[in-house]
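# Observations on chain architecture
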Amino acid sequence: MRELARGIHPAVLTDRGLGAALETLAQRSILPVEIDNAVEERLPGPVEAAAYYVVSESLANVAKYAQASSVRVTIARDNGVARVEVADDGVGGADPSQGSGLRGLADRVEALDGRLVGASTDGGGTVVRAEIPVKGD
């Protein structure tokens, strides 16, 4: 309820940053989630929010559709870009044209001059990658 009252923007993201917010998502996941976060400093608020939602929606999709046994989330920052990747070992075959979830994430990332791409092969799992410019780098 607290997240709903705050416009679905979790307090932990605002208060403690992306790393802590992703750890909370991982703890709530029904699947094992490994997080590789190479970003120690805080990112600008809009970048953290977009990255959080990419991971949150991707984890929800994995839990619903992927029949995966695990998920790996990687966060990095280099050359003025925050990179977010969510990879699962599920059945693959995700088709962005069959739902609005990935399109909505792409819109959020593109609003920050970033890009979102997905790769999914039958039997080979799914990878969702976002690259979001960090202004001022």
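One structure accompanies this document, and this report is about it. The numbering scheme is per chain: residues are counted from 1 as the chain's sequence reads. Thresholds applied to this predicted model are a pLDDT of at least 70 for local features of residues and 80 or more for the giving and counting of side-chain atom pairs; totals over whole chains, interfaces and linings are not thresholded and use all residues. Neither water nor hydrogens contribute to the side-chain values; these are computed over all heavy atoms in the structure.

### Thoughts on helix H4 (residues 45–66)
Along an α-helix, residues three or four positions apart point the same way, because every turn accommodates 3.6 residues. If you check H4, its first and last C-alpha atoms are 30 Å apart, about what 22 residues at 1.5 Å a residue would give, namely 32 Å. Gln67 sits one or two residues past H4 and shows a positive phi near 55 degrees. Where helices and strands are cited, they refer to DSSP runs of H or I of at least four residues and of E of at least two residues respectively, numbered from the N terminus. The length a helix should cover is 1.5 Å for every residue beyond the first.

### Here's the deal with the side chain of Ser58
Note on placement: Ser58 falls in helix H4. Sequence-distant contacts of Ser58, defined by excluding residues within four places in its chain, comprise Val86, Leu105 and Val128. Two residues form a contact once any of their heavy atoms are found within 4.5 Å.

### Focus on the environment of Tyr52
Structurally, the position occupied by Tyr52 is in helix H4. Taking the C-alpha atoms as reference points, Tyr52 and His9, 43 residues apart in sequence, are found 9.2 Å from one another. If near-sequence neighbours (up to four positions away) are discounted, Tyr52 is found in contact with Pro10, Leu13, Leu18, Ala21, Leu22 and Leu25.

### Section: the sheet that holds strand S3 (residues 81–88)
Taken in spatial order, the five strands line up as S1-S2-S3-S5-S4 in an open sheet, and their pairing is mixed. Of all the strands in the sheet, just strand S1 (33–37) and strand S4 (115–120) have a single pairing partner and so form its edges. Put simply, the sheet's adjacent strands are angled 10 degrees from each other on average, direction ignored. A strand pair is defined by DSSP finding two or more bridges across the two strands. Relative to strand S5 (residues 126–133), S3 runs antiparallel, the two being bridged by seven bridges. Each bridged residue has a counterpart across the sheet, and for Glu85 the counterpart in S5 is Arg129. As a rule, the C-alpha atoms of each element are fitted with a line to give its axis, helices using only the stretch in contact, and angles between N-to-C directions run from 0 to 180 degrees. Sheet strands touched by helix H3 (residues 18–28): S1 and strand S2 (71–78). Its angle to S1, the strand with the most contacts, is close to 170 degrees. Where H4 meets the sheet, it contacts S1, S2, S3, S4 and S5, and its direction lies at approximately 10 degrees from that of S3.

### Observations concerning the pattern of salt bridges
Two side chains carrying opposite charge are able to pair once their charged atoms lie near each other. Salt bridges are defined as contacts in which a side-chain nitrogen from Lys or Arg sits within 4 Å of a carboxyl oxygen from Asp or Glu. Taken as a whole, this structure holds 11 salt bridges when the rule is applied. Of the charged contacts, one joins Glu131 and Arg83 as a salt bridge, the two residues approaching to 3.7 Å between their closest N and O atoms. Of this pair, Glu131 sits in strand S5 while Arg83 is found in strand S3, placing the two residues 48 residues apart along the sequence. Through salt bridges with shared partners, a single network forms among Asp78, Arg83, Arg115 and Glu131.

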